[in-house]
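Spelled out, the chains give:
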Amino acid sequence: MLKGFSFSVVVKAHKTRARAGELYTPHGLVRTPVFMPVGTAGSVKALAPGDLSDAGVQILLGNTYHLYLRPGDTAVRRLGGLHRFMAWTGPILTDSGGYQVSSLGKFRDEGFPVMSRIDDHGVTFKSHLDGSMHRFTPEKAIRIQENLGADIIMAFDEATPARGKAYARHAMERTHRWLDRCVSEWKKCEERKQGKALPQALFGIIQGGNYRDLRCESAEFVVSRDLMGIAIGGASIGKNPEETAENVSWVADLLPSNNPLYLMGVGVNPEDVIGAVLCGADLIDCVAPTRLARMGHLYSGKLRGKAGKWGFTSEFSRGRLNIDQARFRLDDHVIDEGCDCYTCAMGFSRAYLHHLFRSRELLYYRLASLHNVRFMVRLTEGLRRTIV
Ligand SMILES: [Zn+2]
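Residues numbered from 1 in each chain as written. Predicted model: local features only at pLDDT ≥ 70, side-chain atom pairs only at ≥ 80, totals over all residues. Heavy atoms only, no water.

Enquirer: Report on unusual backbone geometry, specifying residues and quantitative values.
Expert: Residue proline 33 follows threonine 32 across a cis peptide bond; omega there is 0°. Its place among the elements puts proline 33 in the loop between strand S3 (28-32) and strand S4 (34-39). Positive phi, close to 60°, is recorded for alanine 87, a residue that is not glycine. With respect to the helices and strands, alanine 87 occurs in the loop between helix H4 (81-86) and strand S6 (92-94). Using a relative accessible area of 52% as the deciding quantity, one classes alanine 87 as exposed. In this structure, glutamine 194 is a non-glycine residue whose phi angle is positive, near 45°. By the secondary structure assignment, glutamine 194 is in the loop between helix H7 (165-193) and strand S11 (201-206). Classification of glutamine 194 by relative accessible area gives exposed; the value is 63%. (Helix = DSSP H or I, 4+ residues; strand = E, 2+ residues; numbered from the N terminus. Buried < 20%, exposed > 50% of the residue type's maximum accessible area, 1.4 Å probe, protein only.)

Shown next, in the form of structure tokens:
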């Protein structure tokens, strides 16, 4: 076991794979299941570290692709690492950039490379910022993450695109070869530190697309590398709760129960979070709650703990509010009566938020992001209480 890290399952649900756990990192304890907001460029958009801790956020995700391009991982290192740079004292997880550089064309406006070419040794890509050319290899992705200094770092992988089974196998096998290169680079990084820098835990990523045999093969490969944690990635994860649950159920029995399981990119909707937790996820992350907030979409509704298809049925009867709608112009209610976030607790009305949104006032982005982040955090806290 890596110094400063441990994971234990506190209690497991009877009917589902849901479990409550404790993940210790050099920057503190994370009670799982946990939702990780995404701080793409070293900031969860519109929110300061104090806002995040007040909202009950325990751990953040940072993006290697973005931080490498700007301000640069060596600059972050010189400035004391990502924790110090962004003044967040809790745990951080960084992705490897693999998803961004292999998801060309996706969400171009949100900062994905404008060109990328994958070969067996790495990925060459064109920056979305200035069109400059760059190259990531598994070794480089690990060294960048060493510079950023997150507690948990991810192996460099190819997010399997929906291009048929032959390609899914090809991408999976390449991801496996890259995992071995990441592991050997990570071991070198850890040896280099000699106690001068905090240890970082490397998680491996199961790929294999939406194919049961490939997923199982990938799970066996990743598990055999005996890493601190295991992630499940790819386009089929997080798209809808049923497909995600099915993918996870294929490999669940192959995974060691004493490793944290991270479902990557899950959490667009509250139902996705519930589905992920019920199928055994300990960590989830999604950029959607803050992105949706900025677009005017605010979560509403509540979890009811009834036995159902996944062990619960979730009822978000009122669903998401689109605060841009004219019907909120004179609506004096808070976003969600059951919410304890700063925005709802202070009594900011839907009418006021509607006004701020229409006026493009900066306060809107903070109040809306606080609500959506707290909503997801509260949901996972509620799930944890229910499990316990
Ligand atoms: Zn709220």
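From this point, things continue past the structure.
Enquirer: A description of the environment of glutamine 200 should follow, citing residues and the corresponding values.
Expert: For glutamine 200, the position within the fold is in the loop between H7 and S11. It is 6.7 Å that separates the C-alpha atoms of glutamine 200 and isoleucine 153, two residues lying 47 residues apart in sequence. When sequence neighbours within four positions are dropped, the list of residues in contact with glutamine 200 reads Leu2, Phe5, Gln145, Glu146, Gly149, Ala150, Asp151, Ile153, Trp186, Glu190 and Lys193. Engagement of the side chain of glutamine 200 in a polar contact is seen with the backbone oxygen of glutamine 145, the distance being 3.0 Å. (Contact = heavy atoms within 4.5 Å. Polar contact = N/O pair within 3.5 Å; in protein donor to acceptor, adjacent residues only side chain to side chain.)

Enquirer: Describe the packing of aromatic side chains, naming the residues involved and giving the relevant values.
Expert: Evaluated as defined, the whole model comprises eleven aromatic pairs. A ring pair is formed by tyrosine 65 and phenylalanine 125, whose centres lie 5.6 Å apart and whose planes are at 55°; its orientation type is tilted. Note that tyrosine 65 is positioned in helix H2 (residues 64-69) and phenylalanine 125 in strand S8 (residues 123-126), a separation of 60 residues in sequence. Phenylalanine 125 shares its class with tyrosine 65; the two are buried. Plain terms: the ring middles of phenylalanine 348 and tyrosine 352 are 5.8 Å apart, the flat faces sit at 15° to each other, and that makes the pair stacked. (Phe/Tyr/Trp six-rings, centres within 6.5 Å; stacked < 30°, edge-to-face > 60°.)

Enquirer: Please give an account of the pairing of S4 that cites residues and values.
Expert: Burial runs high along S4: six of the six residues are buried. What you see with S4 is no split at all: Val34, Met36 and Val38 on one side and Phe35, Pro37 and Gly39 on the other are buried throughout. Inspection of the sheet shows S4 paired to strand S14 (residues 283-286) by four bridges, in the parallel sense. For phenylalanine 35, the partnering residue across the bridge sits in S14 and is isoleucine 284. Where S4 meets strand S5 (residues 60-62), two bridges bridge the pair, whose relative direction is parallel. Note on S5: the bridge partner recorded for glycine 39 is glycine 62. (Pairing = 2+ DSSP bridges.)

Enquirer: Mind laying out the coordination of the zinc ion, listing which residues take part and the relevant values?
Expert: Listed as protein donors to the zinc ion are Cys339 (SG), Cys341 (SG), Cys344 (SG) and His371 (ND1); their distances from the metal cover 2.1 to 2.3 Å. Metal-centred angles of 104 to 116° between the four donor atoms at the zinc ion mark the site as tetrahedral. (Donors = N, O, S within 2.8 Å, 3.2 Å for Na, K, Ca; no water. Tetrahedral: all angles 85-135°; square planar, octahedral: opposite > 155°, others 65-115°.)

Honestly, it's all geometry; don't read function into it.
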